[in-house]
Structures are given as C-alpha cells and as structure tokens.
Amino acid sequence: MSVDSIIEKAILQESDLFKDKNEKVFKSLLKISSPITLEKNAALFNYGDTADALYILVHGRLASISKNAEISAIIKPGELVGEIGVFANSSHMLTIKALRRSKLLKIDGPTFLKLCETNPDLLKEVNQLLINRLRSTLQLIEHKEVKRRCSCIITSSSKIDYQHFFTALNLSLDNSKTLIVAQSQFLKEETNSKLKVEQLFNSLEDEYENLIYIAHPTSDQYWWNACINNADKLYILVDTQKQKIYDPLLKKKLEYETSDVVERNLILLREHARQNIKGSQRWIENYACKNHYHVALDDTASIKRFMRFLLDIQVSLTISGGLFRGWAAIGMLKALYENDIPIDIIGGTSIGAVVAAAHIFCENDYDNLYEFFNKIYTAEERPFRFHRYTIPITSFLSSANGTLALKKLFKSKTIEDLPLNFFCVGFNLTQAQPHIFRNGLLWLALRATSALPVLIPPVEINSELIVDGAINNNFPIDIMHTILENTGLYIGIDLGNCRGIPEKYHFPPILKPLNLLLYKLGLKHYTLPKLNKVLHDSLFANTTIASRKNAKLANVLIRPDLTEYNQLALERAKVRDLIELGYACAMENLEKHSNLLDNNIVR
C-alpha cells in the first residue's frame, strides 16, 4: 500500500501501532494493509462477528457500541480497532459504527500475527496496547463517554457579510463546552497546510464537546475539506432577503465533495422577525436539504432555538387528537408559557395539529391563542345541526364552515414558511399508510388531518384520499422521535385519555324498529351505545393501543382524565372547565418534572 498524503502518514506514525517504529517495520506494516472507506452509520463489524482483521482509523470518527446498544467509546484518528479479537482468536465483543464518513487502514489478522512472530519488539508493544485497552475499558464502565458533535455552517455567498449572525451565535452560547471555529481565528493563511489544519481539528475535538466549523465558498481548500470531512451535519446559510437565487456552483461543489449520508440542512436568515417568510421551498429543493431553520437577527429566541437544534437539545411538543377536547391543550399551552418552556418544534394529529398551528401563529400569547382557537371552535360548534349535513355519498357532514375558517385564518401560509418547525399526520386511504405533512399549504394539511372518516369528507391530494391521521396514529410522538433522531427533550399532550369505568350494555342482536320504539317509550329496558360512540370507538380502537405505546416516548407526559368530555360535541359552558383542567394537569406535571426540565432546557 502507498500512503497517498503526508497527513495520513503523519497520523499513522503517531498512532498506537506505528509510533516509534523503524522504517523497515513501518513499511512491513503498510505492505500488509489496505485502505477502506466507511460511510456514516455503516458498521465496520458487529457484535459476534469473526475477528479476522484489525484497523487503524486515519480520518473520521467511530463509535464503539456495546451489546445493549449504548456508545461506550469514541474512536479518534490514529487509534487501533479490533485488535483484541484478533489476538484472543475470538469474535468481536463490540459493534463499531462510523459516526461520520471515515477512512481506515485494514490489516489482515493472521498475516499481522506472523509479522509479530518475527518482530518480538512489535509483539511486546502490542501486548502493552492490549493491557492499556483493557484498562480503558474498565474506566469506561465507570465513566460514560461524552458524545461529541461537529457541525459545519457553510455560507452560501461570499458577497454577503454574515458576521452579525456568527456574533449572535457566539452571544447565545452559555457554556464552555461549545466553540465556533473560523479559519481566521486559528490559522494564518501563510502558514496553512493540510497537516496543520488536521492537527488543529483533532486537538479541538479532544477539548470540546460541540464544535461548529465555519466554511466559505472562497475558504482555503485545506480548511474547506477539513470542515466538510469532519462534520457530522452540514448547515447551508442563506440570507433570504439579500439573495434572490441559489448558487448552482456551491450546490455542485457540495454534491461532489460531500457524501449522501452526511445530513444537509438549511438556515434561512432574515434581518427582522416581523419580515414575512415566503419562498422557503425553493431554497430547500435547490440545496436538497433535510431540515430547515428560520432565524431572525433581531430575534434572540430564534437564534437560541437554532442553537438548541445544533446541539441536539431542542424541546419538542406533540399534541394528540381529541376533537373538541383540544380546549384542554389550550390550557396546557398556557402553563408552558407561564413556565417559560421553549417550544422548538411542534406537531400533532387532528385537533392537536390545529392547536399546534394556532400556537405558532400566536407566538406564545395566551389571550391571542384563546381568541384564535375560539374562531375555529365557533365554526365547528354544534356540528350535527341540520344545515351542516350533506347528501351522504362521501360523508354525512359537508365541513363547509370548518374548511372556510381554516382558509380564512391560515390564508396561503405554507408549512415550510412557518417560523417554527411543524408537522401533522394524516392517513392515506389510497396507499393504506400514514401521510406526514411537512410542506405545502397549512390550511389544507389541517383540513386533511381533521377529516374524520364518514362524518367529514376526505381530502384529495394528488388524486389520493387523505383522512384523519388519528385512525392510525393519534399521538404521533414516535414520528417526532424519527424527525429528531431520538435527540432532545420530548413533551407530549395526550387528549385521548379516559379513565372512566366502561359502561355495561344490554340489548338483543336484532334491533327491530318496534323494539326500539318500545325502548324509547320506556317499555323495553335496554342499555344501548350511541351511534357516534360505536363509530368513533371502532375507528380508533387500533390507534388507542398505539397511543399508549407512544406515551412512553415522552419525557414529560401531560395526560388529564377527559372521560366527562364528549369529543364530538361540546357545550360552550364546558370550555372553561376544559381549559382549567388542562392548565392544572400541565402545572402538576411540570412541577413533577422540574429537575428534568431545569437540567435539560437551555433558555
């Protein structure tokens, strides 16, 4: 094998295995080695695999994962991997996965053992390595390895001054474990070299838990490459007010120089929070980004929100469906506002999604939220009045009032143009699978996620039928976990909880009209379920089980007993009761989890 760069040879010569070896031994080791590349999240080997080779990490980061799926160690460039299994002639006791795109040197196990037989000094040093590794393993049992994150923010134009943004990011940092790294801070242009840059990056990653590298399209090539290669996630920074079109050269450069498995995200920057957000989708599509974040330079809250996402400590809120019980969620949001709980991303199903969207529009203002949601409730109040019915071809109700209210309140706003990340869940009857709304017209998504089958018409999207997501996933906190890759703090509001005693029924299997007439006259004694209850419980029997399972995924679960409150029809006199019940339940749970919240929320 030939080492194709000075830096790789320098790293190898400083590695545990190659350090202080004479040139002859060094060349002998290289001769029995071969380079391999491991993409992000790919496994080098799994627990129980045969140990037939050992490896040296040249570039990237690897994670050592125990049998119970916990990360026990982070492997850095120059470190040896898999040597214990080779020398013990046993299977691997750990799984090794790439945290980012990594380059390794693979050394054939049997051939290496033969080389050790002819080089006693090499065998002695390897034995010392094994002893040191065992000591490290014992230490890891007592001290869990800290997860380290490396992000790279790429400015999308060299003509725009982003200094105000990076200054604001620095001001939002309130710990010494995070560092924003710009080339001008650490390296003078005349002294740059690939080796110096790589050594700098390795030393910084040893010192800090979170590193945020800054790269520009015109950056020194060594700096640019190091930022791209060392990043776990990429963030493309766009000034939406000053940039009218995307940079096709930057897009091509990113596609050529970055792996498909490196997550690419978008920061959509504007100067003032009050500036209208529009046209986000074209930026998302042009740069092929997974997630996007809206940041306003004069809005400290939006900057801190982005930093929480960057550090994987964001706070999420998921609200379940529950029809008119949505008023309880209004009371719960009031409690969150009063306790200064930030909400970085929000989503839900059915009325939970409507409440979530109302929260975004009302910007943590409870009085505004109440009035906003009341307009939606008023439109759908007493849904079973005669003029609400339609010819029952697709549904019993026309849903005209509710649909027009959603269009009037949310207008032409799209999901991707919302200042907060948002999703809602529908169910695609045509494909028989969930439909996750993360873009498109907001009012249409809310109309679809609220389309209770049989009662309310389904929504046609791309010639397919979308109905209320509650028939499959009424409490979609599992989807929130998928979006956030199981990071951050999860708050859940479950409006479907009923702890009342199940009613006992009594009636014959054949219900003739005469018997029902006698029942109405009190001459027949039956205990009959109401039609809407049979319909509702039949539709949501499966999702009730799923909701109980999903509830376990919440760090903070707000789940009041709403047995007394009808989901399909609610008297206005009970609205205040529901709000107060939701508020009291939320306050109780926030107090119960106060230590968790205080220790995990960076405000």
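Values in this document were obtained by computation on a predicted structure and should not be read as measured data. (Residues numbered from 1 in each chain as written. Predicted model: local features only at pLDDT ≥ 70, side-chain atom pairs only at ≥ 80, totals over all residues. Heavy atoms only, no water.)

Some words on helix H4 (residues 109–118)
Convention followed: Using a 1.4 Å probe on the protein chains alone, a residue whose accessible area is under 20% of its type maximum counts as buried, one over 50% counts as exposed, and one in between counts as partly exposed. Secondary structure is summarised from DSSP: a helix means a run of H or I of at least four residues, a strand means a run of E of at least two, and numbering begins at the N terminus for each. Each C-beta atom gives one direction from the helix axis, and the arc is the one those directions make.
Within the sequence span of H4, burial applies to Gly109, Phe112, Leu115 and Cys116. The buried residues of H4 all sit within an arc of 120° when viewed along its axis, so they share a single face. Across from the buried face of H4, at angles greater than 90 degrees, the exposed residues are Lys114, Glu117 and Thr118.

Topic: a negative patch on the surface
Which entries qualify depends on this criterion: Patches were defined on residues exceeding 30% relative accessible area and lacking a salt bridge, with like-charge contacts within 9 Å and nonpolar side-chain contacts (Val, Leu, Ile, Met, Phe, Trp, Tyr) within 5 Å. Calculation of accessible area relied on Shrake-Rupley with a 1.4 Å probe; when residues are assessed, cover is drawn exclusively from the protein chains displayed. Salt bridge, as used here: a side-chain nitrogen of Lys or Arg that lies within 4 Å of a carboxyl oxygen of Asp or Glu. Positive: Lys, Arg. Negative: Asp, Glu. His and the chain ends are not part of the count. Taken as the charge location is NZ of Lys, CZ of Arg, CG of Asp or CD of Glu.
A contiguous patch of negative charge, built from Asp561, Glu564, Asp577 and Glu580, is present on the exposed surface. Looking at where Asp577 falls in the secondary structure, it is placed in helix H22 (residues 575–592).

Quick word on the side chain of Asn202
Spelled out, the test is: Residue contacts are defined here by distance: any two heavy atoms, one from each residue, within 4.5 Å place the two residues in contact.
Tracing the backbone through its elements, the reader meets Asn202 in helix H8 (residues 194–207). Under the relative-accessibility criterion, Asn202 is labelled buried at 17%. The residues contacting Asn202, other than those within four sequence positions of it, are Arg61 and Pro77.

Some remarks on the pattern of salt bridges
A full pass over the atoms with the stated rule returns 12 salt bridges. The residue Arg149 makes a salt bridge to Asp312 at a minimum N-O spacing of 3.1 Å. With Arg149 in strand E9 (residues 149–155) and Asp312 in the loop between helix H12 (300–310) and strand E15 (315–319), the pair connects residues that are 163 residues apart, well separated along the chain. Of the two residues examined, Arg149 and Asp312, each falls in the buried class. Residues Arg308 and Asp344 are paired through a salt bridge, measuring 2.7 Å at the closest nitrogen-oxygen approach. Linking Arg308 in helix H12 with Asp344 in the loop between helix H13 (326–338) and strand E16 (345–349), this pair joins segments that are 36 residues apart in sequence.

What about H8?
The cut-off we apply is this: Multiplying one less than the number of residues by 1.5 Å gives the expected span of a helix.
Taking 1.5 Å of rise per residue, the 14 residues of H8 would be expected to cover 20 Å, and the 20 Å separating its terminal C-alpha atoms lies within 8% of that figure. Every buried residue of H8 is accounted for by Val197, Glu198, Leu200, Phe201, Asn202, Leu204 and Glu205.

Here's the deal with a nonpolar patch on the surface
There is a patch of nonpolar side chains on the surface, built from Leu514, Leu517, Leu521 and Leu523 and spanning about 440 Å² of accessible area. Mapping Leu517 onto the fold places it in helix H19 (residues 513–520). On the basis of relative accessible area, Leu517 is assigned to the partly exposed category, the value being 48%.

A closer look at the nonpolar core
The test is simple: Definition used in this section: a nonpolar core is a set of buried Ala, Val, Leu, Ile, Met, Phe, Trp, Tyr and Cys residues joined via side-chain atoms within 4.5 Å.
In this structure, Leu317, Ile319, Trp327, Phe410, Phe422, Leu446 and Leu495 are the most contacted members of the largest nonpolar core, which totals 65 residues. Core analysis: the next-biggest nonpolar cluster, separate from the first, contains 34 residues, Ile160, Ala182, Leu237 and Leu310 among them.

Some points on the sheet that holds strand E2 (residues 43–45)
Within a beta sheet, neighbouring strands are joined by backbone hydrogen bonds and run either parallel or antiparallel to one another. Definition in use: When DSSP finds two or more bridges between two strands, those strands count as paired. Angles run from 0 to 180 degrees between N-to-C directions of axes, and those axes are lines fitted to C-alpha atoms, restricted for helices to the stretch in contact.
An order of E2-E7-E4-E5 is seen for the 4 strands of this open sheet, with the pairing classed as antiparallel. In the strand order of this sheet, the two ends are held by E2 and strand E5 (71–75), each with one partner. Sheet twist, expressed as the average angle between the axes of neighbouring strands with direction ignored, equals 30°. Bridge count between E2 and strand E7 (residues 95–98): 2 bridges; the pairing is antiparallel. Its bridge partner being in E7, Ala43 is matched across the sheet by Lys97.

As for the packing of aromatic side chains
Put simply, the rule is: Pairs were defined over the aromatic rings of Phe, Tyr and Trp, the Trp ring being its six-membered one, requiring ring centres within 6.5 Å. Orientation was assigned from the angle between planes: stacked under 30 degrees, edge-to-face over 60, tilted for the rest. Two conditions define a charge sitting above a ring: the NZ of Lys or the CZ of Arg must be within 6 Å of the ring centre, and it must be within 35 degrees of the ring normal.
Within the structure shown, the criterion is met by 18 aromatic pairs. Ring plane angle 90° and centroid distance 5.5 Å describe the contact between Phe324 and Tyr377, whose orientation is recorded as edge-to-face. Of the two residues, Phe324 sits in the loop between E15 and H13 while Tyr377 sits in helix H15 (residues 366–380), which places them 53 residues apart along the sequence. Take Phe324 and Tyr377: they sit in the same class, and that class is buried. Here the aromatic residues Phe165, Phe166, Tyr235, Tyr293, Phe306 and Phe309 are joined through ring pairs into a cluster of three or more. The ring of Tyr366 carries Lys334 above its face, with NZ or CZ at 5.0 Å from the centroid.

Regarding the environment of Leu38
With respect to the helices, strands and loops of the structure, Leu38 is situated in strand E1 (residues 33–38). Linking Leu38 and Gly60, residues 22 residues apart in sequence, is a C-alpha distance of 9.2 Å. Non-local contacts of Leu38, meaning those with residues more than four positions away in its chain, are made with Ala43, Leu44, Leu62, Ala98, Arg100, Arg101, Ser102 and Leu104.

Quick look at the pairing of strand E20 (residues 464–468)
Where a strand is regular, its side chains alternate between the two sheet faces. Pairing of strand E17 (residues 421–428) with E20, which is carried by 3 bridges, proceeds in the antiparallel orientation. Residue pairing for E20: Gly426 is matched across the bridge by Asp468. Relative to E20, strand E19 (residues 459–461) runs antiparallel, the two being bridged by 3 bridges. By the bridge assignment for E20, Glu460 is matched with Leu465. Between E19 and E20, which follow one another and run antiparallel, lie 2 residues, and Asn462 among them has a positive phi close to 55°.

Concerning the sheet that holds strand E8 (residues 102–108)
Strand order across the open sheet formed by 4 strands is E1-E8-E3-E6, with antiparallel pairing between neighbours. What marks the edges here is a single partner per strand, and that holds for E1 and strand E6 (80–81). As judged from the 6 bridges shared by E1 and E8, these two strands associate in the antiparallel manner. Note that in E8 the partner of Thr37 across the bridge is Lys103. Contacts from H4 reach strand E3 (53–59) and E8, with the element oriented near 60° to E8.

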